[in-house]
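Coordinate inspection notes
Spelled out, the chains give:
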Amino acid sequence: MKQVLHFFYCLYQLFIALPLGIVVTVVLTIPIIIGCALGYGHFWGYYPAHIWARIVLWLLLIPVKVDGRQNLEKRQSYVFVANHQGAFDIFLIYGYLNRNFKWMMKYQLRRMPLIGYACEKSHQIFVDKRGPKKIKATYDAARETLKGGTSVTLFPEGSRTYTGHMGEFKRGAFALADELQLPVVPLTINGSFDIMPRTRDMHFARWHRLTLTFHDPIYPVGQGSDNVEATKNQAYDSVMSALVPEYQGFVENPDQ
């Protein structure tokens, strides 16, 4: 029975969800490009993408459950850190974080045609670790971008899981939070790996519920390496605690 339902779900994706999704993507990309080029990147770099992500999940008939968002303050900037289960993490966070945020990304992406330009104009944060001056410039840019309640989101594992299990958390997100003295909010994503695991990129999606769990903010206690390490460990334990039993436990990712 499941195979029959999946067959019809694939047909639906091919003939209905995919064509409509392409139209929606094109229609919403145009105002992003124009709005960011005119200098309104904080608005146009987020809200059209927020709408786009919700429409894509709606077209694919994927239910979404959100827990714990009530623990956040409205005007507070946060560093959101999430496990990286799969490609659908992007849709879930853009659609249901419900906060204007910026992605942290490698500085090399700035060189990519169109994508780099769009990311720069929408004030995404490029991370450059090529020496103390570059690191300081990254923190200065982040500090300016995160004024007024804007937040930052990243995947501290650095890459998507191959197994559904979590790998290690890198220090970058927590060093940024420590430098700017911002609270860290751990996010647990469930379901994205089941919809489209990394080994099945560009295949048909599998129907599965998505869940986004907000954990209590972790506020800085002091400043320096001890705070960075303590926050990283607490965030890791929080994210792990809400994973479904099937994906509990550490498994090293080969490309970390």
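Preceding this paragraph is the structure being described.
First things first, this report covers the structure right here in the doc. (Residues numbered from 1 in each chain as written. Predicted model: local features only at pLDDT ≥ 70, side-chain atom pairs only at ≥ 80, totals over all residues. Heavy atoms only, no water.)

With that settled, consider the overall build of the protein chain. When its secondary structure is counted, the protein chain shows 9 helices and 7 strands. Whereas a compact globule of 256 residues would reach a radius of gyration of roughly 18 Å, the protein chain reaches 18 Å, a difference of no more than 12%. Taken over the C-alpha atoms alone, the protein chain extends approximately 55 × 45 × 35 Å along its principal axes. Sorting the 256 residues of the protein chain into buried and exposed places 49% on the buried side. Considering only contacts in the protein chain between residues 6 or more positions apart, those separated by 24 or more positions represent 75%. Carbon and sulfur atoms make up 62% of the accessible area of the protein chain, which amounts to about 13,400 Å² in all. (Helix = DSSP H or I, 4+ residues; strand = E, 2+ residues; numbered from the N terminus. Rg over C-alpha atoms; globule rule 2.2 N^0.38 Å. Buried < 20%, exposed > 50% of the residue type's maximum accessible area, 1.4 Å probe, protein only. Contact = heavy atoms within 4.5 Å. Areas by Shrake-Rupley, 256 points an atom, 1.4 Å probe, with all protein chains shown as cover.)

Our next topic: empty space enclosed by the protein. A full pass over the atoms with the stated rule returns 1 cavity of 30 Å³ or more. Within this model, the largest cavity holds a volume of roughly 40 Å³. What lines the largest cavity is Phe174, Ala177, Asp178, Leu182, Val184, Ile218, Tyr219, Pro220, Asn227 and Thr231. Contributing elements (two or more residues each) for the lining of the largest cavity: α7 (172–180) and α9 (225–241). Looking at which element gives the most residues to the lining of the largest cavity, the answer is α7, with 3 residues. Looking at the lining of the largest cavity residue by residue, the classes come out as 7 nonpolar, 2 polar and 1 charged. (1 Å grid on protein atoms, 1.4 Å probe; cavity = no way out; pocket = protein on both sides within 12 Å on 5 of 7 lines; lining within 4 Å. Points joined across faces, edges and corners; volume = space filled by probe spheres on them. Nonpolar A, V, L, I, M, F, W, Y, C, P; charged D, E, K, R; others polar.)

Position of asparagine 190 relative to the elements: it lies in strand β6 (residues 184–190). Residue classification places asparagine 190 among the buried positions, given a relative accessible area of 7%. Side-chain polar atoms of asparagine 190 contact the backbone oxygen of alanine 242, separated by 2.9 Å. Excluding anything up to four places from it in sequence, asparagine 190 contacts Gln85, Arg209, Leu210, Thr211, Ala242, Leu243 and Val244. (Polar contact = N/O pair within 3.5 Å; in protein donor to acceptor, adjacent residues only side chain to side chain.)

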